[in-house]
Amino acid sequence: RYQIHTGLQHSIIRPSQPNCLPLDNLTLPQKLKDNGYATHMVGKWHLGFYRKECMPTHRGFDSFFGSLLGSGDYYNHYKCDSPGTCGYDLYENDNAAWDHDHGIYSTEMYTQRVQKILASHNPKKPLFLYIAYQAVHSPLQAPGTYLENYKSITNLNRRRYAAMLSCLDDAIKNITIALKKYGFYNNSVIIYSSDNGGQPMAGGNNWPLRGSKGTYWEGGIRAVGFVHSPLFKNKGYVCKELIHITDWFPTLVTLAGGDIDEDMQLDGYDIWEAISEKKPSPRLDILHNIDPMYTKARNGSWAAGFGIWNTAIQSAIRVNHWKLLTGNPGYGDWVPPQSFTNVGLSRWHNERISLSGGKSLWLFNITADPYERVDLSGKYPEVVKQLLRKLAQFNKSAVPVRYPPKDPRSNPKLNGGVWGPWYKESNKAKKKGSKKIQEKQEEEKLKTPQTDVFWLPSTSLKHTTRQFGAQLIISLSCVLLNT
């Protein structure tokens, strides 16, 4: 689902926030379990953990081994949210994994766990395996053996980044070897995907795209990936169709033999034929996001948006070849590769073009100009109006932003030194009446499993891909600083 339909359209879930993916949102592993799949997760969760119901093992995974937060130390697995608010962040299912605290680099440790899962699972039984590696994300840490291979890169951040990515490459290789060794490979599908662009200040590189991680420019939102399977008829095919991360849900559910009910109301499309058979994608547009909480553009206004949209609001939308941005899209420079020099910021700004001064609206033909150098908003006002109307239409279905203030009870010092569920219902939140009755109601509420109650509609394509059978392996790498 789009962020505007989960309430997570602003920023990320912070460690100290009482927030998580809403419990009435059905997850991919929950749906696949209905189809008889074993479901396992290894790696980074980052979907909230303030109460037990938010944890991975309560959201569809049979097992979980990894971290709950967005980042942390690769070796000791500690994370500080602020001075004095630090804790351990390595879990096995619902408990801190102290027994696994052996100082092993997380990329290698997670790979070992994946190998263990594959060694103990019957390859004749369907399996969904979600692997969200911590790499490549700050803090930039890499084993010395990998750093040795990149002495020629003088920029230290870029050298560490290259070493981290090389270690990740080996991890994918070792997983593939395990798939073959334990009899999974010939009937599996492997998906490798990222979630955002690189951060040039921390070794990443999006050149020649504009912008960086955390922005709505192509450098921040365009990512690469691949799908691999020995079952593919078309190999080596480069798909340039529109594909969005929301498309994985209906695509993989259908591929696994499941059904997409009309009342699920998804934002994603089944794009399997676009990937496997070179057919056009059913997706014609992408709502990158609408964030009503982000710092408003000073010069934005309803007038600048033709009375259709307030251009002070941060948003971005893609329709066919057109991309429209409003508000403050974020840092918008073109940053050349810094792998060949140690020169500072002045070197990076040689390509700066001052298009942003006083603006709050941009239009690009993103197919002809993926580098977003030529703003066409003045030349094609009718196209601008059309995309603004589309934005306004999407916004009608947006739910309120979920971004609560920090909760002091989240401090790991109050939870045995571990980041983990802390939230308990406050007495003030309980209705007046008999105390015993109230407590019983609360207990029954916690025992009642959370169910899916709403989704957005999908143009669900029915595929004759049942020959892919039962085995489905998904390797989704959370490479936050994409190369």
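Keep in mind that this is a model prediction, so the values were computed, not measured.

(A) Fine view of the packing of aromatic side chains. Following the criterion strictly, the structure yields 17 aromatic pairs and no others. When the ring of phenylalanine 61 is compared with that of tyrosine 130, the centres are 6.1 Å apart and the planes differ by 15°; the resulting orientation is stacked. You can see phenylalanine 61 sitting in the loop between strand S1 (38-44) and strand S2 (63-67) and its partner tyrosine 130 sitting in strand S7 (residues 127-132), a full 69 residues away along the chain. Comparing phenylalanine 61 with tyrosine 130, the two get one shared label, buried. Each ring, one from tryptophan 217 and one from tryptophan 362, has its centre 5.5 Å from the other, and the planes form 80°; the classification is edge-to-face. In this pair, tryptophan 217 is assigned in the loop between strand S8 (190-192) and helix H5 (218-221) and tryptophan 362 in strand S13 (residues 361-365), connecting sequence segments 145 residues apart. The exposure class assigned to tryptophan 217 is buried, which follows from its relative accessible area of 0%. Aromatic ring contacts, followed pair by pair, group Trp45, Phe61, Phe128 and Tyr130 into a single cluster.

(B) Seen up close, the state of the cysteines. For the structure on display, the rule yields two disulfides. Between cysteine 20 and cysteine 54 runs a disulfide, and the two sulfur atoms are separated by 2.2 Å. A torsion of -55° about the S-S bond marks the disulfide between cysteine 20 and cysteine 54 as left-handed. A residue pair is termed long-range when its members are at least 10 positions apart, and cysteine 20 in the segment before helix H1 (28-34) and cysteine 54 in the loop between S1 and S2 qualify at 34 residues. On the accessibility criterion, cysteine 54 (0% relative accessible area) is buried. Put simply, cysteine 80 and cysteine 86 are joined by a disulfide, and their sulfur atoms are 1.9 Å apart. Because the torsion about its S-S bond is 105°, the bridge between cysteine 80 and cysteine 86 counts as right-handed.

(C) Highlighting the pattern of salt bridges. Scanning the entire structure with this criterion turns up 16 salt bridges. Linking arginine 222 and glutamate 218 is a salt bridge whose minimum nitrogen-to-oxygen distance equals 2.8 Å.

(D) Quick look at the environment of threonine 295. Within the fold, threonine 295 resides in the loop between strand S10 (285-291) and strand S11 (314-319). The class for threonine 295 is exposed, based on a relative accessible area of 55%. Between the C-alpha atom of threonine 295 and that of isoleucine 313, which follows or precedes it by 18 residues, the distance is 8.0 Å.

(E) Molecular detail of the confidence of the model for the protein. Here the protein averages 86 in pLDDT, while 84% of its residues score no lower than 70. The model gives residues 444-483 a pLDDT under 50, and that stretch makes 160 contacts with residues more than four places away or in other chains.

(F) Focus on helix H9 (residues 381-396). For H9, which comprises 16 residues, the first-to-last C-alpha distance of 23 Å matches the rise-based estimate of 22 Å (1.5 Å per residue) to within 8%. Three or more residues of H9 are buried, namely Val383, Val384, Leu387, Leu388, Leu391 and Phe394. Seen along its axis, H9 keeps its buried residues to an arc of 135°; they face one direction. Away from its buried face by more than 90 degrees, H9 exposes Glu382 and Lys396. Here the buried face of H9 lies against S10, S11, strand S12 (322-326) and S13.

(G) Region of interest: the sheet that holds strand S6 (residues 95-96). Taken in spatial order, the five strands line up as S6-S5-S2-S1-S7 in an open sheet, and their pairing is mixed. The open sheet is flanked by S6 and S7, the only strands paired with a single partner. The pairing of S1 with S2 spans five bridges and is parallel. By the bridge assignment, methionine 41 is partnered in S2 with phenylalanine 64. Contacts from helix H2 (residues 106-120) reach S1, S2, strand S5 (91-92) and S7, with the element oriented near 170° to S1.

Parameters and conventions
- Residues numbered from 1 in each chain as written.
- Predicted model: local features only at pLDDT ≥ 70, side-chain atom pairs only at ≥ 80, totals over all residues.
- Heavy atoms only, no water.
- Phe/Tyr/Trp six-rings, centres within 6.5 Å; stacked < 30°, edge-to-face > 60°.
- Helix = DSSP H or I, 4+ residues; strand = E, 2+ residues; numbered from the N terminus.
- Buried < 20%, exposed > 50% of the residue type's maximum accessible area, 1.4 Å probe, protein only.
- Disulfide = S-S within 2.5 Å.
- Salt bridge = Lys/Arg side-chain N within 4 Å of Asp/Glu carboxyl O.
- pLDDT = per-residue confidence, 0-100.
- Contact = heavy atoms within 4.5 Å.
- Expected span 1.5 Å × (residues − 1).
- Arc of directions from axis to C-beta.
- Pairing = 2+ DSSP bridges.
- Axes fitted to C-alpha atoms, helices over the stretch in contact; angles between N-to-C directions.

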